[in-house]
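In case you want the letters, here they are:
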Amino acid sequence: MKSNKLIPRLLCCLIALTLVLCTLVGCSSSGKTLMSIGKQKLTVNMYELLLSRMKGTLAYNDYPVDSDDFWNTITSTQGATHNDYFTLSIQEEAKMMLIKLYLFEEKYQLTLPDSYYEKIDEYINDTLTYLHNGSKTEFNRVLSEYGVNMKMLRENYIIEDKIDYLKSHLSSLTSDTAREEYYQENYVRFRQILLPLYQYLYETDEFGDTIYFKDEFSDRISYDTKGQTHVGTDGKTVTDKNGDVVYYTEDGHIAYNKKSGVIRGIDKDNDGYTDYEMLDEEGAKAIVKLANDLTELIVAGDFSTFEDYGADLCEQEIWNAYPNGMYINLEKNYPVAYIDDMQKELKTMKDGDIALIESDNAYHLIMKYPLDEGGYKNKENQDWFEEFEDEMVTEILNSMCQEYLDDVVVDKKVLATAKDMKTIGANKDY
């Protein structure tokens, strides 16, 4: 683990945890009040649960959370440690969650439907039954490592649903003007020419040529009827096992209709994905040369030439998958590592600029395209905007919370009694 990359990676974990921070607030029956605003309170127990979840996230990502050396490592010139960094960050996030509960209860005066409570109780009962053999004592013992008990955990889940419900309410109040504003401020559009350092394995014929079928599920071959037919020793035109006439190329190979036919991947390990093999050294060098040559050949802003090369060099299925281009949120963390490198490049690129990105098993030549109006609601682009509504509403809600941050009262004496990141248990489950 390189020290100069540690804080950005840890920050990604912190941002990822925001998705579950809705569960951090509760009522006074859960323990001593740590924070409050209006009639809403967050207890020290709920705060410790939040700490435990952050530690569990770090543990899941293979950080040495059981090492005092890790927590005591100084990460800034002000002398702050990893323990300080995450503990203070969680305190700020806890304030935000408390404010969101305040907005649900006191500003919008919303009511959580009974069905939500029923689902929460069902989940807790299932957890008790199947994970703890019906023993409340055992369940509470495990939860005590994270600062809570079953009752507090239930309160936690209720608040989580309340804040999700608040987000749904805000979504219903939001106009497309706000959505377009969020889209324009956060998203970029681009296309990529993917040059893989591997090759997929497809079904081939006796000559080693890729077979083109009439459709994905049929064994009938898609022939190029402009090819030649052959006459067999019996004097009849050669046909295949399906009784279809076989057409040949001039060199005697099978003539396939590659425009209308489909190829079929090999999946020997039955994992649902087409098998592939890495290129040999010579093949890899050829890809590197091609990638570098393209960056010289394609002039910035020449979208037409870029698309010509893309259609010619990319797998058709990949190139045609997103005819309008690819869309990413520059402020979002994606699970694919090379997208981080794309984000860094795209932040400074102008429309029409190109950049070459190298990943573990491919080169990605990207060109930035102008962002089209309303791209987030185009059905052809839906793969890139599955979380758009949640992202947009979260942005609105977080902005609303800023107004109330100074109104949150923190009991410093109670805070002094709370565990910190070093001492709390690592919670991966609750």
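Residues numbered from 1 in each chain as written. Predicted model: local features only at pLDDT ≥ 70, side-chain atom pairs only at ≥ 80, totals over all residues. Heavy atoms only, no water.

**Points about the pattern of salt bridges**
It is possible for side chains bearing opposite charge to pair when their charged atoms get close.
Here's step 1: For the structure shown, the criterion picks out 17 salt bridges.
Here's step 2: Put simply, Arg-154 and Asp-121 hold a salt bridge, and the shortest N to O gap is 2.6 Å. With Arg-154 in helix H7 (residues 150-173) and Asp-121 in helix H5 (residues 114-131), this pair connects stretches of sequence that are 33 residues apart.
Here's step 3: For the salt bridge of Glu-307 with Arg-191, the shortest nitrogen-to-oxygen distance reads 3.8 Å. One end of the pair, Glu-307, is in helix H10 (residues 303-313); the other, Arg-191, is in strand E3 (residues 187-196), with 116 residues separating them in the sequence.
Here's step 4: For Arg-191, a relative accessible area of 7% gives the class buried.
Here's step 5: One salt-bridge network, held together by shared partners, links Asp-176, Arg-179, Lys-377 and Glu-389. (Salt bridge = Lys/Arg side-chain N within 4 Å of Asp/Glu carboxyl O. Helix = DSSP H or I, 4+ residues; strand = E, 2+ residues; numbered from the N terminus. Buried < 20%, exposed > 50% of the residue type's maximum accessible area, 1.4 Å probe, protein only.)

**Quick look at the nonpolar core**
Here's step 1: One finds Leu-103 and Leu-346 to be the most contacted residues of the largest nonpolar core, which totals 80 residues.
Here's step 2: If you tally residues by element for this core, the top one is helix H4 (residues 82-107), at 11 residues.
Here's step 3: Leu-195, Leu-294, Phe-306 and Tyr-363 belong to the second-largest nonpolar core, a separate cluster that totals 14 residues. (Core = buried A, V, L, I, M, F, W, Y, C linked by side-chain atoms within 4.5 Å.)

**Some words on the sheet that holds strand E1 (residues 33-37)**
Note on sheets: strands pair through backbone hydrogen bonds, and any given pair is parallel or antiparallel.
Here's step 1: Pairing within the open sheet is antiparallel, and its three strands lie in the order E2-E1-E9. The open sheet has two edge strands, strand E2 (40-43) and strand E9 (409-410), and neither has a second partner.
Here's step 2: Packed on one face of the sheet, helix H2 (residues 44-60) meets E1 and E2 and runs near 60° to E2.
Here's step 3: Packing of H4 onto the sheet brings it into contact with E1, E2 and E9, and relative to E1 it is tilted by some 50°. (Pairing = 2+ DSSP bridges. Contact = heavy atoms within 4.5 Å. Axes fitted to C-alpha atoms, helices over the stretch in contact; angles between N-to-C directions.)

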